[in-house]
Amino acid sequence: MSYVLEGIVFPKNESEVRVTIPDSTIDFDQFALDDNNVILARPGRPQFDEAVCEVAVDISKVFGEAMVVRWDDRIGFRESRVYRGGFLTHSFSVDNELYVMLDDDGMPLRDGNIFEESELDEYENDEFEVYQNALELGCENAGFCSWVALHSFIQRQG
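Residues numbered from 1 in each chain as written. Predicted model: local features only at pLDDT ≥ 70, side-chain atom pairs only at ≥ 80, totals over all residues. Heavy atoms only, no water.

**Q** Would you explain the sheet that holds strand 1 (residues 4-10) in this entry?
**A** Whether parallel or antiparallel, the strands of a sheet pair through hydrogen bonds between backbone atoms. Pairing within the open sheet is antiparallel, and its six strands lie in the order 2-3-1-4-5-6. One side of each edge strand has no neighbouring strand; the edge strands of this open sheet are strand 2 (29-34) and strand 6 (87-93). On average, each strand axis in the sheet is inclined to that of its neighbour by 20°, with strand direction left out of account. With respect to the sheet, helix 2 (residues 134-142) is in contact with strand 4 (65-72), strand 5 (77-84) and strand 6, its orientation differing from that of strand 5 by roughly 15°. (Pairing = 2+ DSSP bridges. Helix = DSSP H or I, 4+ residues; strand = E, 2+ residues; numbered from the N terminus. Axes fitted to C-alpha atoms, helices over the stretch in contact; angles between N-to-C directions. Contact = heavy atoms within 4.5 Å.)

What follows is the structure in C-alpha coordinates.
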(Lines give C-alpha, C1' and ligand atoms only; values in the text may rest on other atoms or scores of the structure.)
Protein backbone atom coordinates (compact mmCIF):
# COMPACT_ATOMS: atom_id res chain seq x y z
CA MET A 1 0.00 0.00 0.00
CA SER A 2 1.32 3.41 -0.88
CA TYR A 3 0.96 6.48 1.30
CA VAL A 4 0.34 10.05 0.19
CA LEU A 5 0.03 12.97 2.60
CA GLU A 6 0.08 16.73 2.31
CA GLY A 7 -0.70 18.62 5.47
CA ILE A 8 0.21 21.22 8.04
CA VAL A 9 1.24 20.35 11.59
CA PHE A 10 1.19 22.98 14.31
CA PRO A 11 1.48 22.97 18.11
CA LYS A 12 -1.99 23.16 19.56
CA ASN A 13 -4.27 20.73 21.34
CA GLU A 14 -6.96 19.65 18.87
CA SER A 15 -9.74 20.11 21.43
CA GLU A 16 -8.72 23.77 21.88
CA VAL A 17 -8.88 24.84 18.25
CA ARG A 18 -11.01 24.47 15.15
CA VAL A 19 -9.19 26.01 12.21
CA THR A 20 -11.17 27.58 9.40
CA ILE A 21 -9.37 28.78 6.31
CA PRO A 22 -11.32 31.66 4.76
CA ASP A 23 -11.28 32.01 0.97
CA SER A 24 -9.25 28.85 0.49
CA THR A 25 -9.75 26.57 -2.49
CA ILE A 26 -8.01 23.80 -0.58
CA ASP A 27 -9.90 21.40 1.66
CA PHE A 28 -8.38 20.12 4.89
CA ASP A 29 -9.50 17.60 7.47
CA GLN A 30 -8.42 18.41 11.03
CA PHE A 31 -7.01 15.68 13.28
CA ALA A 32 -5.16 15.40 16.54
CA LEU A 33 -1.65 14.21 15.71
CA ASP A 34 -1.01 13.69 19.41
CA ASP A 35 -2.01 15.44 22.65
CA ASN A 36 -0.11 18.62 21.74
CA ASN A 37 -0.31 18.90 17.94
CA VAL A 38 -2.93 19.34 15.26
CA ILE A 39 -2.57 18.25 11.66
CA LEU A 40 -4.60 19.70 8.84
CA ALA A 41 -4.45 16.97 6.21
CA ARG A 42 -5.69 17.21 2.66
CA PRO A 43 -8.16 14.40 2.00
CA GLY A 44 -7.46 11.55 -0.39
CA ARG A 45 -4.31 11.40 -2.47
CA PRO A 46 -3.80 15.06 -3.31
CA GLN A 47 -1.59 16.65 -5.92
CA PHE A 48 0.81 18.80 -3.91
CA ASP A 49 -0.14 22.48 -4.01
CA GLU A 50 2.01 25.49 -3.08
CA ALA A 51 -1.13 27.17 -1.72
CA VAL A 52 -0.75 24.84 1.29
CA CYS A 53 2.46 26.69 2.15
CA GLU A 54 0.57 30.00 2.08
CA VAL A 55 -1.89 28.57 4.59
CA ALA A 56 1.05 27.41 6.74
CA VAL A 57 2.47 30.94 6.70
CA ASP A 58 -0.84 32.25 8.05
CA ILE A 59 -1.08 29.52 10.69
CA SER A 60 2.46 30.27 11.87
CA LYS A 61 1.50 33.92 12.26
CA VAL A 62 -1.39 32.93 14.55
CA PHE A 63 0.12 29.98 16.45
CA GLY A 64 3.81 30.91 16.24
CA GLU A 65 4.97 27.97 14.12
CA ALA A 66 3.76 25.42 11.62
CA MET A 67 5.26 22.71 9.45
CA VAL A 68 4.18 21.61 5.97
CA VAL A 69 4.64 17.87 5.45
CA ARG A 70 4.55 16.08 2.11
CA TRP A 71 4.97 12.35 1.65
CA ASP A 72 4.37 10.26 -1.46
CA ASP A 73 6.04 6.89 -1.33
CA ARG A 74 4.80 6.00 -4.82
CA ILE A 75 7.59 8.23 -6.16
CA GLY A 76 9.89 8.48 -3.11
CA PHE A 77 9.00 12.11 -2.39
CA ARG A 78 9.42 13.49 1.12
CA GLU A 79 9.53 17.14 2.14
CA SER A 80 9.02 19.30 5.20
CA ARG A 81 9.02 23.07 5.55
CA VAL A 82 9.17 24.79 8.93
CA TYR A 83 7.56 28.23 9.34
CA ARG A 84 7.92 30.55 12.31
CA GLY A 85 6.08 33.85 12.70
CA GLY A 86 5.04 33.88 9.06
CA PHE A 87 8.46 33.06 7.60
CA LEU A 88 9.99 29.91 6.15
CA THR A 89 12.93 29.07 8.43
CA HIS A 90 13.93 25.57 7.25
CA SER A 91 13.18 23.21 4.40
CA PHE A 92 14.12 19.54 4.07
CA SER A 93 13.85 17.21 1.07
CA VAL A 94 15.24 13.81 0.09
CA ASP A 95 18.49 15.65 -0.75
CA ASN A 96 18.96 16.39 2.97
CA GLU A 97 18.26 12.90 4.26
CA LEU A 98 20.87 11.08 6.31
CA TYR A 99 21.99 7.46 5.82
CA VAL A 100 23.70 4.68 7.74
CA MET A 101 25.59 1.72 6.36
CA LEU A 102 24.12 -1.80 6.47
CA ASP A 103 26.06 -4.69 7.98
CA ASP A 104 26.67 -8.04 6.25
CA ASP A 105 23.22 -9.26 7.34
CA GLY A 106 21.49 -6.19 5.90
CA MET A 107 20.86 -4.62 9.30
CA PRO A 108 21.42 -0.86 9.73
CA LEU A 109 24.46 0.19 11.74
CA ARG A 110 22.58 2.88 13.68
CA ASP A 111 25.50 3.43 16.06
CA GLY A 112 27.95 3.86 13.18
CA ASN A 113 28.79 6.76 10.94
CA ILE A 114 26.02 8.91 9.47
CA PHE A 115 26.33 9.91 5.81
CA GLU A 116 24.80 12.52 3.54
CA GLU A 117 23.58 11.41 0.12
CA SER A 118 26.49 13.16 -1.59
CA GLU A 119 28.93 10.87 0.25
CA LEU A 120 27.35 7.56 -0.76
CA ASP A 121 29.07 7.24 -4.15
CA GLU A 122 32.42 6.90 -2.36
CA TYR A 123 31.23 3.51 -1.04
CA GLU A 124 30.39 1.60 -4.22
CA ASN A 125 30.35 -1.85 -2.60
CA ASP A 126 28.37 -0.90 0.50
CA GLU A 127 24.63 -0.67 1.09
CA PHE A 128 22.85 2.08 2.97
CA GLU A 129 19.49 2.82 4.55
CA VAL A 130 17.84 6.13 5.34
CA TYR A 131 18.57 7.02 8.95
CA GLN A 132 16.65 10.31 9.11
CA ASN A 133 14.21 11.26 6.36
CA ALA A 134 13.07 14.75 5.36
CA LEU A 135 9.98 14.73 7.59
CA GLU A 136 11.93 13.42 10.56
CA LEU A 137 14.49 16.21 10.04
CA GLY A 138 11.63 18.72 9.94
CA CYS A 139 10.15 17.37 13.17
CA GLU A 140 13.54 17.56 14.86
CA ASN A 141 14.09 21.12 13.68
CA ALA A 142 10.57 22.30 14.55
CA GLY A 143 10.89 20.89 18.05
CA PHE A 144 7.15 20.41 18.52
CA CYS A 145 6.34 17.45 16.28
CA SER A 146 7.03 13.82 17.11
CA TRP A 147 8.28 11.82 14.12
CA VAL A 148 6.80 8.65 15.67
CA ALA A 149 3.33 10.24 15.87
CA LEU A 150 3.59 11.70 12.36
CA HIS A 151 4.79 8.42 10.83
CA SER A 152 1.99 6.53 12.55
CA PHE A 153 -0.52 9.05 11.14
CA ILE A 154 0.89 8.63 7.62
CA GLN A 155 0.59 4.85 7.83
CA ARG A 156 -3.05 5.09 8.97
CA GLN A 157 -3.89 7.19 5.90
CA GLY A 158 -2.99 4.45 3.43
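Picking up after the structure, the text goes on.
**Q** Which parts of the structure should I look at to understand the sheet that holds strand 8 (residues 114-116)?
**A** Strand order in the open sheet formed by three strands is 8-7-9, with antiparallel pairing between adjacent strands. Since the sheet does not close on itself, it has two edges, and those belong to strand 8 and strand 9 (128-132), each with one partner. Between one strand axis and the next, the sheet turns by 50° as a mean value, whatever way the strands run. Across four bridges, the pairing between strand 7 (residues 98-101) and strand 9 is antiparallel.

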